[in-house]
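In case you want the letters, here they are:
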Amino acid sequence: MRPILMKGHERPLTFLRYNRDGDMLFSCAKDHTPTLWYADNGERHGTYRGHNGAVWCCDVSRDSSRLITGSADQTAKLWDVKTGTQLFSFKFSSPARSVDFSVGDKLAVITTDPFMARTSAIHVKRIADDPQDQDGESVLVLENPEGRKRINRAVWGPLNQTIVSGGEDAVLRIWDAETGKLLKETDKEVGHKQTITSLCKSADDSHFLTGSLDKTAKACLPFLLYLLFHNPPVLWDMRTLTLIKTYTSGVPVNAVSMSPLLDHVVIGGGQDASAVTTTDHRAGNFEAKFYDKILQEEIGGVKGHFGPINALAFNPDGRSFSSGGEDGYVRLHHFDSDYFNIKI
Amino acid sequence: MANIDIDSRAAQLGIDWSQVNLDSIHLPPGEDFGIQSDDEGVYHDDQLEFDTGFGNIIVVDNLPVVPKAKFEKLENVLKKIYNQLGVIKENGLWMPVDPDTGVTLGYCFIEFNTPQEAQNAKEKTHGYKLDKSHIFAVNMFDDFDRLMNVKEEWEAPQTKPYVPGENLQKWLTDEKARDQLVIRSGPDTEVLWNDPRQKNTEPVHKRPYWTESYVQWSPLGTYLVTLHKQGAAVWGGADTFTRLMRYQHNIVKLVDFSPGEKYLVTYHSQEPSNPRDASKVEIKVFDVRTGRMMRDFKGSADEFSIGGPGGVAGASWPVFRWGGGKEDKYFAKLSKNTISVYETETFGLIDKKSMKVDNVVDICWSPTDSILSLFVPEQGGGNQPAKVALVQIPSKVELRQKNLFSVSDCKMYWQSSGEYLAVKVDRYTKTKKSTYSGFELFRIKERDIPIEVLELDNKNDKIIAFAWEPKGHRFAVIHGDQPRPDVSFYTMKTAQHGGRVTKLGTLKAKQANALFWSPSGKYIILAGLKNFNGQLEFFNVDEMETMATTEHFMATDIEWDPTGRYVATAVTSVHEMENGFTVWSFNGKLLYRVLKDHFFQLAWRPRPASFLSPEKEEEIAKNLKKYSKKYEAEDQDVSLLLSEQDREKRKALKEEWEKWVMQWKSLHEEEKLERQNLRDGEISDEEEDDEEAKEVKEVEFEDVIDVTEEIVQE
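Model, not experiment: these values are computed from the prediction. (Residues numbered from 1 in each chain as written. Chains lettered and ligands numbered in written order. Predicted model: local features only at pLDDT ≥ 70, side-chain atom pairs only at ≥ 80, totals over all residues. Heavy atoms only, no water.)

K.L.:
What exactly am I supposed to notice about the overall build of chain B here?
P.N.:
Looking only at helices and strands, chain B has ten helices and 43 strands in total. Every one of the 714 residues in chain B was classed for burial, and the buried ones make up 40%. Contacts in chain B between residues at least 24 apart in sequence constitute 45% of all its contacts with a sequence separation of at least 6. Surface accessibility of chain B: about 43100 Å² in total, with carbon and sulfur atoms responsible for 50%. (Helix = DSSP H or I, 4+ residues; strand = E, 2+ residues; numbered from the N terminus. Buried < 20%, exposed > 50% of the residue type's maximum accessible area, 1.4 Å probe, protein only. Contact = heavy atoms within 4.5 Å. Areas by Shrake-Rupley, 256 points an atom, 1.4 Å probe, with all protein chains shown as cover.)

K.L.:
Quick question: what am I supposed to make of the environment of D317 of chain A here?
P.N.:
Tracing the chain through its elements places D317 of chain A in the loop between β26 (309-314) and β27 (320-325). Taking the relative accessible area as the measure of exposure, D317 of chain A reaches 37% and is therefore partly exposed.

K.L.:
So what exactly am I meant to see when it comes to the sheet that holds strand β8 (residues 75-80) of chain A here?
P.N.:
As a general point, the strands of a sheet are linked pairwise by backbone hydrogen bonds and lie either parallel or antiparallel. All names here are of chain A. Read from one edge to the other, the open sheet built from four strands follows the order β6-β7-β8-β9, with strand pairing classed as antiparallel. The sheet is open, and its two edges are formed by β6 (55-60) and β9 (86-91), each paired on a single side. The sheet shows a mean angle of 20 degrees between the axes of neighbouring strands, direction not considered. Bridge count between strand β7 (residues 66-71) and β8: five bridges; the pairing is antiparallel. Each bridged residue has a counterpart across the sheet, and for T69 the counterpart in β8 is K77. (Pairing = 2+ DSSP bridges. Axes fitted to C-alpha atoms, helices over the stretch in contact; angles between N-to-C directions.)

K.L.:
What should I look at first to understand the UniProt feature "repeat: WD" (unreviewed entry) in chain A in this one?
P.N.:
Residues and elements named next belong to chain A. Following the UniProt record, one finds the feature "repeat: WD" (unreviewed entry) at residues 6-47, 48-89, 151-185 and 302-332. Between the end C-alpha atoms of residues 151-185 there is a gap of 14 Å, over a span that is 0% helix and 60% strand. End C-alpha to end C-alpha, residues 302-332 measures 11 Å, and it is 0% helix and 55% strand. (UniProt positions renumbered as here; feature names shortened; annotations may be inferred.)

K.L.:
Which parts of the structure should I look at to understand the pattern of salt bridges?
P.N.:
If the charged atoms of two oppositely charged side chains come close together, the side chains can form a pair. Evaluated as defined, the whole model comprises 36 salt bridges over all chains. Taking the shortest distance from any N to any O, the salt bridge between K201 of chain A and D100 of chain A comes out at 4.0 Å. Of this pair, K201 of chain A sits in strand β18 (residues 196-201) while D100 of chain A sits in strand β10 (residues 96-101), placing them 101 residues apart in sequence. Overall, the relative accessible area of 26% leaves K201 of chain A in the partly exposed class. Here D561 of chain B makes a salt bridge to R565 of chain B, at a shortest N to O gap of 4.0 Å. A cluster of three or more residues bridged by salt bridges with shared partners is formed by D174, K176, R178, D195 and E202 of chain B. (Salt bridge = Lys/Arg side-chain N within 4 Å of Asp/Glu carboxyl O.)

K.L.:
Is there a simple way to think about a negative patch on the surface in this case?
P.N.:
Residue and element names in this part refer to chain A. A cluster of acidic residues, D129, D130, D133, D135 and E137, forms a negative patch on the protein surface. The topology assignment puts D133 in the loop between β12 (121-126) and β13 (138-143). According to the relative accessible area criterion, D133 is exposed, its value standing at 53%. (Patch = residues over 30% accessible without salt bridge, like charges linked within 9 Å, V, L, I, M, F, W, Y side chains within 5 Å. Lys, Arg positive; Asp, Glu negative; His and termini not counted. Charge placed at Lys NZ, Arg CZ, Asp CG, Glu CD.)

K.L.:
Explanation requested: the sheet that holds strand β6 (residues 137-140) of chain B in the structure shown.
P.N.:
Residue and element names in this part refer to chain B. On the basis of which strands lie adjacent, the open sheet formed by four strands has the order β2-β3-β1-β6 and antiparallel pairing. The sheet is open, and its two edges are formed by β2 (88-94) and β6, each paired on a single side. The sheet shows a mean angle of 20 degrees between the axes of neighbouring strands, direction not considered. Relative to strand β3 (residues 108-112), strand β1 (residues 57-61) runs antiparallel, the two being bridged by four bridges. By the bridge assignment, V59 is partnered in β3 with F109. The strands touched by helix α3 (residues 68-83) are β1, β2, β3 and β6; relative to β2, the strand with the most contacts, the crossing angle is about 135 degrees. Against the sheet, helix α4 (residues 115-125) makes contact with β1, β3 and β6, and its axis sits at roughly 155 degrees relative to β6, the strand it touches most.

K.L.:
What's the story with unusual backbone geometry in this structure? I'm lost.
P.N.:
As a rule of thumb, non-glycine residues mostly have phi less than zero, and peptide bonds are mostly trans rather than cis. All names here are of chain B. Each neighbour pair has its own omega, and for I393 with P394 the value is 5 degrees, a cis peptide bond. One can find P394 in the loop between β25 (386-392) and β26 (397-404). Non-glycine residue I251 carries a positive phi angle of around 50 degrees. Assignment of secondary structure puts I251 in the loop between β13 (242-248) and β14 (254-257). Of note in the backbone geometry, F347 takes a positive phi value of approximately 55 degrees without being a glycine. On the secondary structure map, F347 appears in the loop between β20 (338-343) and β21 (348-349). Since its relative accessible area comes to 5%, F347 is described here as buried.

K.L.:
Is there a simple way to think about the side chain of R178 of chain B in this case?
P.N.:
Residue and element names in this part refer to chain B. Along the chain, R178 turns up in the loop between α5 (144-148) and β7 (179-185). What makes R178 buried here is its relative accessible area of 7%. For R178, the side chain forms a polar contact with the side chain of D195, separated by 2.9 Å. If sequence neighbours within four positions are ignored, R178 has contacts with W193, N194, D195, E202, R565 and R607. (Polar contact = N/O pair within 3.5 Å; in protein donor to acceptor, adjacent residues only side chain to side chain.)

Structural data, given as structure tokens:
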């Protein structure tokens, strides 16, 4: 089907998120207003006004009532999805880069960038049931987890026991969400060689996918790692970080996503945005590439953006996906029936 | 030793450390008490070569021995001689005298301003006859130690026992008749088999930092040459690549083989300290097999180039152009107004003198015969016409010449078997404001070398590319001013008119700017590099039909394998992304891709010419069906095997995955309750594992929008 082109942002897209029912799509961009769209036809539903800087990330609660956004204006804000009113603002002293609700939506993990004398940090905040009771106290703060390097993404592990983070130092770390202890980290030899740009969990929290800007000589160009928390099923804090699959693409990867329906992964990225204008538009390779999750083979690609792809998200029903680019567009693609019968 | 250790040791011995003056302690010379200086290892390791600072001093021996009275006179004579050759430093001439008698010792030292001057003075005056009994023996001061160490008695060099060499041509006996290629990416240089059946490459030899700049195959593929700071080295051998020979030439920049790979030419140039001076050039010619230096040429860059008005920095490579086919008999050098042709028997000039040709700007050897073509542009403001001439070597007889009028530029293209020479001539239009192009076609093998003039259908078309069919009679031209130029094919020989050039056809509006004929002819790739982003059209000239149109995005290099069966296209590191190469079949079918970051170079290993006679080749071509059966069967086996392997690999991957998924499922099940608690008891797991939840409920729905009543009249 023809993609639906959603033009509502004035600046490059940074993040896309579907709600659990798959009927709403939230988009964040470097302009200051996160936007809500109908995931079906791409009509704009509304915006969330209040941020005063680029919005880097968002998450929506399971019942689609709350939205949390992290922004370069050094705040993370809690919104009422329905009315668009701001419920609370968490203030930090450096930009908030990533946000993620825990299972049960009672906690949120927020990462902040290194800024001036501040190092990067991971904050865990309690989310009150009643917005009246909301406070800005941190349950846990992990200062300086990666030193001066930025953390690009931190998400909850299974049962909120752990936090997984990845960032500029190319190392993935698992933290104990209670004590803040470092449980595991990836080996430089096996893992990514450059900045981890994105991280996406599987629907059942069993494994996750990361994308990176890798341009190492060893493997071919950015490769994508696929890591998992997995056996032995004795204790979950023993769940290990094991690399299970690697996908190679010819370009730096900015965004990754996994199909909840089929064994497909999609990656997006492209040439560095600052170099785009100097070359032919095709040189950038601004394509959302589909890979078979198990066989690691490329299935196909979806072209259309004229800037690097910064954000990708699958609809929870697996029948459509959307991509957001440096070009400021969100492209919503409903799969044709052929897609569901791909054989390789 | 750590400071604490020292302090405690001092306390033990009862020494007050602060009272000790460390500077007053001297170790006996040559004794270090077993304590190694920190930097000692460093110096030992790399055997650094220091400039002694005496490079500008020469020693002149065999001077007359004169008493004190004549000292000044001799000094003046010497000054007079050497001042002509360079600037002697103030007090730079020192003639030692016997302290007892005051008589000179018969030699002197002269210090020049620069080492170059000293070198020059040495070369010019060594053997200079002052008078009958005094012939100068001049040496560099730096060489003195070396010369003094030469043993007085001559020792017969030991003859090493004969070791049979490796079969350097072993790669040609590959059972699958594959070809090799060398690639450089990042620090690694790799030699690979191209294995189209496996749709991949098979490694032969890989080495990091094998070369310091680039690598090059010898023209017949026997050797691979690598470049290093100390010189060049060639590699080859039966199974892996071993170093066969080294050629010492400091900071070698470029290398070139003679076509029969008997000789290797190495080139080094040094930027002058003064930017207005020409750079210094040193060229050495080595015998490849023995490693002996046959001749070296030194001089300023001007002597090795024609130094056009543009002021080309350095010389244009190759400086020496090899002629006379595979016998490596002659090589020629072009410099201002002269063509110097050397022969390899003596490594001297033919007839001991160069050829004087005023204003010659370009020379070109026939690839097979010892015929040199040369081009002289117009002179005297058009009074003297431009000229293209063919000169037979070594007789220097002019075989044919053609005068051309109002020529702006000229380019010569030899056909690979030396049968034809095409000269592309750019002429001024009457107004002299623009140029148009035409061709002069020489038929070398025919009597009197007839010349034919060919003009394109549209005379004003710009010619973008020209290429002869290897071993064939056809050529292709890309021409036109439009963004999409035309491609035309011509033949020198047709059944109807034997000796006339005929057009075969023109392809209109192609995205092409470069031509790549298959080495076996018949097929050609019309390539659109650079602005056309790597468009490729595989074209069959026999049938005049396109076999495939495809693209290797941003491709920078295209190279046919030596047999003309496969083509490699590469994106080198001039582009940031998608570095690597792709191998295609001759008809444009993509076989496989290899991605390599920082990809620098790709080169197929050339093959020597086939020993089969043309008749035999024709016979094989006729019975191709018979032969091909065997290979087709082999191909099929391989592809069956491959698909079998592939299937098994996939099966294993799938099974492994299933195992994981099972584990995850059970884990998920176990944690169900805990998750439920986290969600305040909400039964919350229907999202992933319950199929029912995915069921779409269809609700039918009728809406009455409006009801109107109309009376229909009958």
